[in-house]
Amino acid sequence: MSTKVVEIKTLKVGKYIVLGGEASKITSLTTSSPGKHGAAKARLEAVGIFDNQKRSIVKPVDTKVDIPIIDKRVGQVLSIQGPNVQLMDMESYETLDLPMPDELKDQITEGIEVEYIVALGNMKIMRTK
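Keep in mind that this is a model prediction, so the values were computed, not measured.

## Description of the UniProt feature "modified residue: Hypusine" (unreviewed entry) in the protein chain
- Annotation from UniProt places "modified residue: Hypusine" (unreviewed entry) at K36.
- Considering the arrangement of structural elements, one finds K36 in the loop between β3 (22-32) and β4 (41-48).
- On the basis of relative accessible area, K36 is assigned to the exposed category, the value being 80%.

## As for the domain arrangement of the protein chain
- Looking at the assigned domains, one finds that the protein chain contains domain 1 (3-68) and domain 2 (70-128).
- One C-alpha centre belongs to domain 1, the other to domain 2; they are set 29 Å apart.
- Taken together, the contact between domain 1 and domain 2 spans nine residues of the former and seven residues of the latter.
- Counting the surface lost from both domain 1 and domain 2, the interface buries some 710 Å², and carbon and sulfur atoms represent 75% of this.
- Counting the surface domain 1 buries against domain 2, the share from its top three residues, I49, F50 and P68, is 65%.

## Some remarks on the sheet that holds strand β9 (residues 95-99)
- Read from one edge to the other, the open sheet built from five strands follows the order β9-β8-β7-β10-β11, with strand pairing classed as antiparallel. At either end of the open sheet lies a strand with only one pairing partner, and these are β9 and β11 (122-128). Sheet twist, expressed as the mean angle between neighbouring strand axes with direction ignored, is 45 degrees.
- Direction of pairing for strand β7 (residues 71-81) relative to strand β8 (residues 84-89): antiparallel, over a ladder of six bridges.

Calculation rules
- Residues numbered from 1 in each chain as written.
- Predicted model: local features only at pLDDT ≥ 70, side-chain atom pairs only at ≥ 80, totals over all residues.
- Heavy atoms only, no water.
- UniProt positions renumbered as here; feature names shortened; annotations may be inferred.
- Helix = DSSP H or I, 4+ residues; strand = E, 2+ residues; numbered from the N terminus.
- Buried < 20%, exposed > 50% of the residue type's maximum accessible area, 1.4 Å probe, protein only.
- Domains from an automatic or database assignment.
- Contact = heavy atoms within 4.5 Å.
- Buried area = accessible area lost by both parts, 1.4 Å probe.
- Pairing = 2+ DSSP bridges.
- Axes fitted to C-alpha atoms, helices over the stretch in contact; angles between N-to-C directions.

Written as structure tokens, this is what we have:
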């Protein structure tokens, strides 16, 4: 697993965090500062990149959490085989089989280039180029 450790107070909306073992994108982040002797708390809500599940945590702002190291790559579509897309990575020339994202079914055709991400051992096609 390629992750980095940071404090919650350094995170922002739109960044990524590991919640429940899944890489998730932060959708909302609110902080509250209670009375004299209490610690400031952060409420963080995120949606999983690969499984689209909502997750949330409430922790003190100085708590350390893991953030995934996300590798963005470019690949060329070699063929479409039912629900899967066969890609060739443009740097390493290895072939990969990735699931076809529902929102990009109309745009993906053979021969075009797509951007995909690799995080925590999972891969997903994000957009067409």
